[in-house]
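# Coordinate analysis (summary)
Spelled out from the first residue to the last, the chains are:
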Amino acid sequence: MNNLTKEQFQRDFKTRLHHKFSIETKDANDFERFTALASLIKTYISDYWREDRQSRQRHQEKIAYYFSIEFLPGKMLKSNLLNLGILDVVRDGLKDFDIDLEDLSEAEKDMALGNGGLGRLASCFMDSLASTAFPGFGNGIRYQYGLFKQEFIDGFQIELPDAWLQSGNPWEIRKDHEKCEVKFEGNVWMKPDEETGRLEPVYENPRVLRGVPYDTSMIGYENGQVNNLRLWDVEIPESEERKYYSINARREVYDITGVLYPDDSTYEGRRLRLIQEYFFTSCGLQTIVKRFKKLNIPMIHLHEKIAVHINDTHPAIAVAELMRILLDEEHMEWEAAWHVVVKVMSYTNHTILQEALEKWPTDMVRHLVPRVYQIIEEIDRRFVDEMTGKVDDGLIARTRIINHDQVHMAHLAIIGSHSTNGVAKIHSDLLMDVVLHDFYVLYPERFNNKTNGIAMRRWSQISNEPLSNVLDETIGTEWRSDARKIGLLESYKEDELVLKKLAKAKLENKERLAKHIFDVTGISVSSEAIFDVQIKRLHAYKRQQLKLLHIVKLYLDLKENPNLDIPARVFIFGAKAAPSYYYAKAIIKCINEVANLINNDKTIKDKLKIVFLPNYNVSLAEKIIPAADVSEQISLAGKEASGTSNMKLMLNGAITVATLDGANIEIRDAVGDENIVIFGLDKDRVYQYYHENNYNAYELYNNNTTIKRVLNAFVDGTIPNVQYEGKELFDSLIQYNDEYFTLADFDSYIEAQETVDAWYKDQAKWRRVSLMNTAKSNRFSADDTVTLYAENIWHLKKNK
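Calculation notes
- Residues numbered from 1 in each chain as written.
- Predicted model: local features only at pLDDT ≥ 70, side-chain atom pairs only at ≥ 80, totals over all residues.
- Heavy atoms only, no water.
- Salt bridge = Lys/Arg side-chain N within 4 Å of Asp/Glu carboxyl O.
- Helix = DSSP H or I, 4+ residues; strand = E, 2+ residues; numbered from the N terminus.
- Buried < 20%, exposed > 50% of the residue type's maximum accessible area, 1.4 Å probe, protein only.
- Core = buried A, V, L, I, M, F, W, Y, C linked by side-chain atoms within 4.5 Å.
- Contact = heavy atoms within 4.5 Å.
- Axes fitted to C-alpha atoms, helices over the stretch in contact; angles between N-to-C directions.
- Parallel < 35°, antiparallel > 145°, perpendicular 65-115°, else oblique.
- Nonpolar A, V, L, I, M, F, W, Y, C, P; charged D, E, K, R; others polar.
- 1 Å grid on protein atoms, 1.4 Å probe; cavity = no way out; pocket = protein on both sides within 12 Å on 5 of 7 lines; lining within 4 Å.
- Points joined across faces, edges and corners; volume = space filled by probe spheres on them.
- Phe/Tyr/Trp six-rings, centres within 6.5 Å; stacked < 30°, edge-to-face > 60°.
- Lys NZ or Arg CZ within 6 Å of the ring centre and 35° of its normal.

### Observations concerning the pattern of salt bridges
- Scanning all chains against the criterion turns up 67 salt bridges.
- For the salt bridge of E473 with K501, the shortest nitrogen-to-oxygen distance reads 3.3 Å. Of the two residues, E473 sits in helix α19 (residues 465-475) while K501 sits in helix α20 (residues 496-521), which places them 28 residues apart along the sequence.
- Accessibility expressed as a relative area gives 56% for E473, which makes it exposed.
- A relative accessible area of 30% means that K501 is categorised as partly exposed.

Next up, the structure:
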């Protein structure tokens, strides 16, 4: 905090807090008070860290820029107070005015800038980069409405606008002096410069849009480091106003920063996605180069001061756009520019699903960004020339950027960067061995693994204060700044007093969630039941349908024998389905109708309850995760890149039921087989099925009476109100041969759940296993993960 001690800083802040809240917010509502507090924090950041930022600029240290289509930071009030070291000071100071900090935090809206794991990981990294004192800045889009606000009507998902900016965002600062212009469409032809003879692009009738940056400070944990998250909004320049004479024409422009992931089932939706990706990427790169030029260092040394990270394929066009800037605006020669680009760029792959590796029609790219398309063509041509004679023609054909009238963005990212990493060991192995094997043959030195991590502070100190207090009492407070110290908890796995304290903390969190469930849904649940949680994007490969089949089996068993000796369970879902993903929406409908059936059936004596909480986001996760007993990580082996909800739930003492997929394998390695419940096919067996093409779901259905009974319930009227959706689920598993091997894993999954029941009945064992999961979660801190990125990929130095 510059020249102030922590105690002086806290005292000074409390003085200003008292002044502001005794005068300025006397008759304000909670949102107005939240805004006033956020404004005070923002002013302090500016006052106390301006000198530090100027010092960093003088030293000209290297900075990493993290380009991501998604960021999902959640609410920032308590996180900022925690990282500033004044959370308790402010909480106590507000009590002097009979104001509860929790009420102000509830008034804050989640920043609707992401969908799921990709955006949450990006935000974890922003927090950890600042907290580890590495200079790392984010670059993304300032969405007006985010993905969507989810509601359920008659069991169906309904998508509404998430108008999170309606009352403004007090954390952001608009930076008008850093506006930039982005060109789309028109024609581009090359004309020799009269003096140099160099070919220069000439634009005819381009559509020019303005990017306006909004900056949000990313505060490090009690270390004085402040990084920046820059989000771009779109405007029509004054010179272009006449081109947008109709409301619809103007709406098309503002749609660019309207929603995350426009519907890609239509050509127009895909076109809008590409526009979004180029817009924020071009804006970010333009300002990066502009800042670099102020250092008066030759452009050939750009990579010594700048690293640009491509988070999944959405910003992959950055490779070609940086080439455009270096060639057309900085007048570098191709070879020199390409040398710089490859050293600047790095790429993280987050999926092995082919449909998620973006590909754009060449006609679309040529029309929208004609100059960039010319550059992509030249990159592709030079790649082919370079590889011809070195490797066989088939390998070259498979790895080209432009192929079958499509631009392959993952290919562009790999060819145009010096590092490609996966996000869990199994994922990285699959990239090298299967999905991107051809590129691994060409560039083996570029491939590496960086297993994901989580922002431990948010998922313990902020979301789970009861657990945090027990940790403080048991192992001291060093774990708050060094998550590896959480491992000290393992020494207390036989300490009955500590185990009871942890169980009490868990019960407190379950009671809090139970109250929230009742307030939101009207459903009463027992905090003594197992809270069985599956919270993740709704997708067939994540297999919410497998969880649903398990629930229906239990229900049918209880209908046959209401006195069945099983622990009571509350099944808690949180998930959004993409608006055009109709199968996923059918699963949501089925879950909600099974919930209506079970929750209103008094004959099963409340042994089962189902809660599907709408509009899953970070704030809701902060309520669910601390209360979870069971963590459902049940994707088909080989499909989930990593997962991070598994790590958050593990930290909070949930016991994982998992396939050997993504980071689940590393969680198993950390806790040991005795502290996790593993089931199902492994990736080798899955790929054997693929190779032999001999999986027969219909045969499983015919020969397994339990599977037949459960599946028939969706089509024989047992489950009401799913005439179409139940048949869609049934057909996906039988008629279309169960693409994600749900039925192949069914029996093993039922056995795994019986193990969970047995462990829960033995509360002494359950508590030990829960403790071990918390203790071993120290392996999955995002602080450690970003340190590996910073040191091994971006080559950053920590600020002292």
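### Brief notes about the nonpolar core
- Formed by 206 residues in total, the largest nonpolar core has its most connected members in L37 and W794.
- Excluding residues that lie within four positions of it along the chain, W794 makes contacts with K62, A64, Y66, L129, A307, H309, S346 and Y789.
- If you look at the next biggest cluster of nonpolar residues, it comprises 69 residues, including A595, A697, V710 and F741.

### Digging into the packing of helix α6 (residues 117-131) against helix α32 (residues 782-794)
- Between α6 and α32, whose axes approach to 9 Å, the crossing angle comes to 75 degrees. By the angle between their axes, α6 is roughly perpendicular relative to α32. Between α6, through C124, F125, S128, L129 and S131, and α32, the contact on the second element is made entirely by A782, D783, T785, V786, Y789 and W794.
- In terms of residue class, the contact of α6 with α32 is made up of 7 nonpolar, 3 polar and 1 charged.

### Focus on empty space enclosed by the protein
- Using the criterion set out here, one finds 7 cavities of 30 Å³ or more in the structure.
- Around the largest cavity sit P73, M76, S79, N80, N83, R120, S123, D127, M218, I219 and R458, which together line it.
- Secondary structure elements with two or more residues in the lining of the largest cavity: α3 (77-84), α6 and β9 (207-219).
- Considered class by class, the residues forming the lining of the largest cavity number 4 nonpolar, 4 polar and 3 charged.
- Taken together, Y65, F137, G138, N139, N228, R230, G284, T287, I288 and R291 form the lining of the second largest cavity.
- Those elements that provide at least two residues to the lining of the second largest cavity are β2 (136-141), β10 (226-235) and α8 (267-293).
- The dominant element in the lining of the second largest cavity, judged by the number of residues it contributes, is α8, at 4 residues.
- Here the residues of the lining of the second largest cavity are counted per class, giving 3 nonpolar, 5 polar and 2 charged.

### A word on the environment of M345
- You can see M345 is positioned in strand β12 (residues 345-348).
- The exposure class assigned to M345 is buried, which follows from its relative accessible area of 0%.
- As for M345 and P206, which are separated by 139 residues in sequence, their C-alpha atoms are 28 Å apart.
- Leaving out residues up to four positions away in the same chain, M345 has contacts with L285, V308, I310, A318, V319, L322, G416, S417, H418 and S419.

### Digging into the packing of aromatic side chains
- Enumeration over the complete set of coordinates arrives at 25 aromatic pairs.
- Measuring from ring centre to ring centre gives 5.7 Å for F31 and F34, while their planes differ by 55 degrees; the resulting arrangement is tilted. Separated by 3 residues within a single helix, F31 and F34 lie in helix α2 (residues 30-59), roughly one turn from each other.
- The exposure class assigned to F31 is partly exposed, which follows from its relative accessible area of 22%.
- A relative accessible area of 2% means that F34 is categorised as buried.
- Ring geometry for Y698 versus Y701: centroids 6.3 Å apart, planes at 35 degrees, classification tilted. Highlighted residues: Y698 and Y701, both in helix α27 (residues 697-703), separated by 3 residues, approximately one helical turn.
- Accessibility expressed as a relative area gives 46% for Y698, which makes it partly exposed.
- Aromatic rings pair up to connect Y687, Y689, Y690, Y695 and F741 into one cluster.
- Above the plane of the ring of F531 lies K510, whose end atom (NZ or CZ) is 4.8 Å from the centre.
- The cationic tip of K576 hangs over the ring face of F148; the distance from NZ or CZ to the ring centre is 5.1 Å.

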